[in-house]
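Topology and contacts: notes
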Amino acid sequence: MKTKAFIFDLDGVIVDTAKYHFLAWQNVAKSLGINFTHEDNEQLKGVSRVQSLELILALGNVQITDEQKQEYLLKKNEEYLTYIDKMDESEILPGVMDVLNFLKENKQPIILGSASKNARPILEKVNILHYFDDIVDGNDVSNAKPDPEVFLVGAKKANQTATNSIVFEDSVAGIQAANSAGMTSVGIGEKTVLNEADYNFNDFTEISKDFLLKLINQ
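Residues numbered from 1 in each chain as written. Predicted model: local features only at pLDDT ≥ 70, side-chain atom pairs only at ≥ 80, totals over all residues. Heavy atoms only, no water.

**Let's talk about the overall build of the protein chain**
Condition: Helix and strand definitions here come from DSSP, where helices need a minimum of 4 consecutive H or I residues and strands a minimum of 2 consecutive E residues; each element is numbered from the N-terminal end. In this description the radius of gyration comes from C-alpha coordinates, and the expected globular size is given by 2.2 Å times residues to the power 0.38. Relative accessible area decides the class of each residue, using a 1.4 Å probe on protein chains only: under 20% of the type maximum gives buried, over 50% gives exposed, and in between gives partly exposed. Any two residues whose heavy atoms approach within 4.5 Å are treated as being in contact. What sets the accessible areas is the Shrake-Rupley method with a 1.4 Å probe; for residues, cover comes only from the shown protein chains. Charged residues are defined narrowly, with Lys and Arg counted positive, Asp and Glu counted negative, and His plus the chain ends left uncounted. Lysine's charge is taken at NZ, arginine's at CZ, aspartate's at CG and glutamate's at CD.
Secondary structure summary: the protein chain contains nine helices and six strands in total. Against the globule reference of 17 Å for 218 residues, the protein chain gives a C-alpha radius of gyration of 17 Å, in line with a compact fold. When the backbone C-alpha atoms are referred to their principal axes, the protein chain occupies close to 55 × 35 × 30 Å. The buried share among the 218 residues of the protein chain stands at 51%. Look at the contacts in the protein chain between residues 6 or more apart in sequence, and 62% of them connect residues 24 or more apart. Carbon and sulfur atoms form 47% of the exposed surface of the protein chain, whose accessible area is close to 10400 Å². Computing the positive centroid from 21 side-chain charges and the negative centroid from 33, the protein chain places the two 4 Å apart.

Now the structure itself:
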């Protein structure tokens with residue numbers, strides 16, 4: 001059997017921390033007098049914390065100082081951390097463990113490629129950190145998706161080429177990053193939104209062992 005690098009995004013792919021990001025950002029926006037909706041939140045998927053704040057400020061046409069920006073970034077992260085501190089295994093999304101177990105049993109490198117700077121504590125909270133051979137997160141890269149840096153670093157850590165790498169993503173920016181890196185992209189979520197992905201599934205329960213074998217051997 002061949003060996004491929006299987007690279008997973010975190011938020012919205014392995015666990016649904018997106019809801020906690022939304023709540024924390026919504027409170028930041030509210031304190032700035034900006035109305036922030038679920039639809040607005042879609043623009044924040046896959047982008048860095050700094051970029052997320054800039055998008056919210058642009059949404060409300062609000063300008064603040066760099067010092068204030070740092071205060072809001074800290075406030076957002078502190079609130080977000082209070083949410084993830086309560087996480088446990090029940091927050092792992094359906095079907096994820098079946099896929100991770102299958103890849104582990106077949107000795108495939110499993111890499112996390114996420115913009116989150118809290119990736120390790122989240123994986124520890126839900127008790128699956130040991131499944132990952134390596135982690136590339138917001139602390140390791142300087143360019144946010146759709147730049148492919150996070151995935152290219154992940155492939156390198158797995159000692160695999162980009163063409164031998166498969167990325168699981170739930171954001172448009174993440175799919176674009178995988179595609180621009182020359183990797184196989186698997187969209188997890190709405191096909192109409194993630195229409196640039198090579199393959200698409202609503203969630204991991206739709207991913208069969210035969211499909212995973214096809215990815216490994218192709």
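**A short note on the pattern of salt bridges**
To keep it simple, the criterion reads: Just to be clear on terms, a salt bridge is a Lys or Arg side-chain nitrogen sitting within 4 Å of an Asp or Glu carboxyl oxygen.
Using the criterion set out here, one finds seven salt bridges in the structure. Measuring nitrogen to oxygen at the nearest pair gives 3.1 Å for the salt bridge that ties Asp85 to Lys125. Linking Asp85 in the loop between helix 4 (66-84) and helix 5 (96-105) with Lys125 in helix 6 (residues 119-125), this pair joins segments that are 40 residues apart in sequence. Lys125 sits in the partly exposed class, given a relative accessible area of 34%. Between Lys104 and Asp133 there is a salt bridge whose closest N-O contact spans 3.7 Å.

**What about the sheet that holds strand 4 (residues 165-169)?**
We count it as follows: Following DSSP output, two strands are said to pair if at least two bridges run between them. The axes used here are C-alpha line fits, helices contributing only the stretch in contact, and every angle between their N-to-C directions lies in the interval 0 to 180 degrees.
Read from one edge to the other, the open sheet built from six strands follows the order 3-2-1-4-5-6, with strand pairing classed as parallel. With one partner strand each, in any of the chains shown, strand 3 (134-136) and strand 6 (199-201) form the two edges of the open sheet. Within this sheet the neighbouring strands show an average axis-to-axis angle of 20 degrees, counted without direction. One ladder, built from three bridges, connects strand 2 (residues 110-113) with strand 3; its direction is parallel. What sits directly across from Gly113, in strand 3, is Val136. Across the sheet, helix 8 (residues 172-180) lies against strand 4 and strand 5 (184-188), angled at about 170 degrees from strand 5, the strand it touches most. The strands that helix 9 (residues 209-217) touches are strand 1 (5-8), strand 4, strand 5 and strand 6; relative to strand 6, the one it contacts most, it runs at about 155 degrees.

**Quick word on helix 5**
Heads up, the rule is: Note that the arc is computed from the directions linking the helix axis to the C-beta atoms.
For helix 5, the complete set of buried residues consists of Val96, Val99, Leu100, Phe102 and Leu103. Projected down its long axis, helix 5 carries its buried residues within an arc of 160 degrees, all on one side. Facing away from the buried side of helix 5 by more than 90 degrees, the exposed set consists of Asp98 and Glu105. On its buried side, helix 5 packs onto strand 1, strand 2 and helix 9. Following helix 5 by one or two positions, Lys107 adopts a phi angle in the positive range, close to 55 degrees.

**Some points on unusual backbone geometry**
Cis rather than trans, the peptide bond between Lys145 and Pro146 has omega equal to 15 degrees. Checked against the element boundaries, Pro146 lands in the loop between strand 3 and helix 7 (149-157). Phi is positive for Asn159, close to 60 degrees, though the residue is something other than glycine. Mapped onto the elements of the fold, Asn159 is located in the loop between helix 7 and strand 4.

**Topic: the nonpolar core**
Rule in force here: Buried Ala, Val, Leu, Ile, Met, Phe, Trp, Tyr and Cys residues form a nonpolar core when they are joined through side-chain atoms within 4.5 Å.
Grouped together as the largest cluster of nonpolar side chains are 38 residues, with contacts concentrated most on Phe8, Ile14, Ile128, Phe132, Phe168, Phe204 and Ile207. Among the elements that make up this core, the one with the highest residue count is helix 5 (five residues). Not counting residues up to four positions away in its chain, the partners in contact with Ile128 are Ile14, Ile92, Met97, Leu100 and Leu123.

**Considering the environment of Asp210**
Assignment of secondary structure puts Asp210 in helix 9. When the C-alpha positions of Asp210 and Glu42 are compared, they lie 32 Å apart, and in sequence the two are 168 residues distant.

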